[in-house]
Amino acid sequence: MKTKEQSAEALPLNTILDGDCIEVMNSLPAGSVDLIFADPPYNLQLKGELHRPDNSRVDAVDDDWDQFSSFKAYDKFTRAWLKAARRLLKPDGAIWVIGSYHNIFRVGTALQDQGFWILNDVVWRKSNPMPNFRGKRFTNAHETMIWAGRGEASKYTFNYEALKALNEGIQMRSDWVLPICTGHERLKDENGEKAHPTQKPESLLHRVLVGATNPGDVILDPFFGTGTTGAVAKMLGRDFIGIEREAAYRRVAEKRISKVRRFDRAALQVSASKRAEPRVPFGQLVERGMLRPGEELTSMNKRHKAKVRADGTLVGDDVKGSIHQVGAALEGAPSCNGWTYWCFRRDGKTVPIDVLRQQIRSEMTS
């Protein structure tokens, strides 16, 4: 039986693999990947060329890799690569798949049939979409991403506080307004043409990876294209594995990623939920002499006082117990967060005891 370390060593981290994505995924160790981001062929079913009102031709997706003979053929391909992807994911791994109205509903069905557990569908609303030149339908101004755990019981990563911080303190919604690739971000080939017709913006992958992975996680992209997933993963201190069968795309991706610099360790830290922070018993403050037995604490509202005891409990007004129990009893409340309720005096200033807890936490994580 392979150990976790042996499986990790067998992974071709931070490389772009040449070949059919299904065959390559099946050759990698099972249960070795934290997250998969997939931008599969959309099967656009274009009928002839598309032209602008001035009769200039639109550079739409008409490559061979997006062509399928029928919906049945596309569904067979989708089921095959999703099966290979699920095998690669760790038990608590997750997948993101992006698509358009041409394919995303078929992909969603295949995901559920394979045993994935859908967590959210996220709408990427493009702030600068391509117009509908024929004027016979609505402008296609969005794409849909499906986020799913490997299974219903998967303890997937979700950095709620980090995404909230990205959104100026407001809970992140499932509709994301971000621009498509334009200007300097749009990669060009040696002829000055678009290197890839469906290049995704780095802002989209930044949000996905900050929200759903942690530094050191392994991200696999089975349809690597020009390497947006790899570039953002490298910047954010994640490892990546890319699979791309088109040599032209691999060349562009390799050149692109070679220029990317990883952010330093401090910059990679993101806001964490209070539950995720290391637990610090109040008694540890007493053991370390940060607070002394007999020292008086005052409530934040200045209405109550209690004294610290040697075992890390408090006593005040005939009430004894933990910082939380005593605070609740004195306030006549069903519960109380003692860390934010009690204060101590230093150098003539009133200081919340939570300052001491944070000091210990910083030592634990440094």
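This write-up is about the structure you can find in this document. Note that the structure is a prediction, hence the values are computed from the model and not measured.

**Overview of the overall build of the protein**
Scanning the protein from N- to C-terminus turns up 13 helices and 14 strands. With 366 residues in all, the protein has 45% of them scored as buried. Expressed as a percentage of contacts within the protein between residues at least 6 apart in sequence, the contacts between residues at least 24 apart total 68%. Here the protein has roughly 20,100 Å² of accessible surface; of this, 49% comes from carbon and sulfur atoms.

**Some words on the sheet that holds strand β8 (residues 239–243)**
Where strands meet in a sheet, backbone hydrogen bonds hold them as pairs that are either parallel or antiparallel. With mixed pairing, the eight strands of this open sheet are ordered in space as β1-β8-β7-β2-β3-β5-β4-β6. Of all strands in the sheet, those with a lone pairing partner are β1 (15–17) and β6 (175–178), marking the two edges. Across the sheet, the axes of successive neighbouring strands diverge by a mean angle of 20 degrees, strand direction being ignored. One ladder, built from three bridges, connects β1 with β8; its direction is parallel.

**Regarding the packing of helix α6 (residues 202–212) against helix α7 (residues 228–235)**
Each pair of packed helices can be described by the angle between their axes along with the distance between the axes. Running from N to C, α6 and α7 cross one another at 55 degrees; their axes reach a closest spacing of 9 Å. In terms of axis orientation, α6 runs oblique to α7. Like other packed secondary-structure pairs, α6 and α7 cross with a definite hand, here right-handed. Within the contact between the two elements, α6 uses E202, L205, H206 and L209 and α7 uses T228, T229, A231, V232, A233 and M235. Classifying every residue of the contact of α6 with α7 by side-chain character gives six nonpolar, three polar and one charged.

**What about the side chain of E143?**
For E143, the position within the fold is in strand β5 (residues 142–149). Polar contacts involving the side chain of E143 include one to the side chain of K126, which spans 2.8 Å. Sequence-distant contacts of E143, defined by excluding residues within four places in its chain, comprise Y42, I98, G99, V122, V123, W124, K126 and K200.

**Examining the pattern of salt bridges**
All chains considered together, the criterion is met by 13 salt bridges. K90 is the salt-bridge partner of D34, the closest N and O atoms lying 3.0 Å from each other. Note that D34 is positioned in strand β2 (residues 33–38) and K90 in strand β3 (residues 89–99), a separation of 56 residues in sequence. The shortest N-O distance in the salt bridge between R173 and D175 comes to 2.8 Å. Classification of R173 by relative accessible area gives exposed; the value is 57%.

Conventions adopted
- Residues numbered from 1 in each chain as written.
- Predicted model: local features only at pLDDT ≥ 70, side-chain atom pairs only at ≥ 80, totals over all residues.
- Heavy atoms only, no water.
- Helix = DSSP H or I, 4+ residues; strand = E, 2+ residues; numbered from the N terminus.
- Buried < 20%, exposed > 50% of the residue type's maximum accessible area, 1.4 Å probe, protein only.
- Contact = heavy atoms within 4.5 Å.
- Areas by Shrake-Rupley, 256 points an atom, 1.4 Å probe, with all protein chains shown as cover.
- Pairing = 2+ DSSP bridges.
- Axes fitted to C-alpha atoms, helices over the stretch in contact; angles between N-to-C directions.
- Parallel < 35°, antiparallel > 145°, perpendicular 65-115°, else oblique.
- Left-handed = near helix turned anticlockwise from the far one by under 90°.
- Nonpolar A, V, L, I, M, F, W, Y, C, P; charged D, E, K, R; others polar.
- Polar contact = N/O pair within 3.5 Å; in protein donor to acceptor, adjacent residues only side chain to side chain.
- Salt bridge = Lys/Arg side-chain N within 4 Å of Asp/Glu carboxyl O.

The analysis is restricted to geometry; functional conclusions fall outside its scope.
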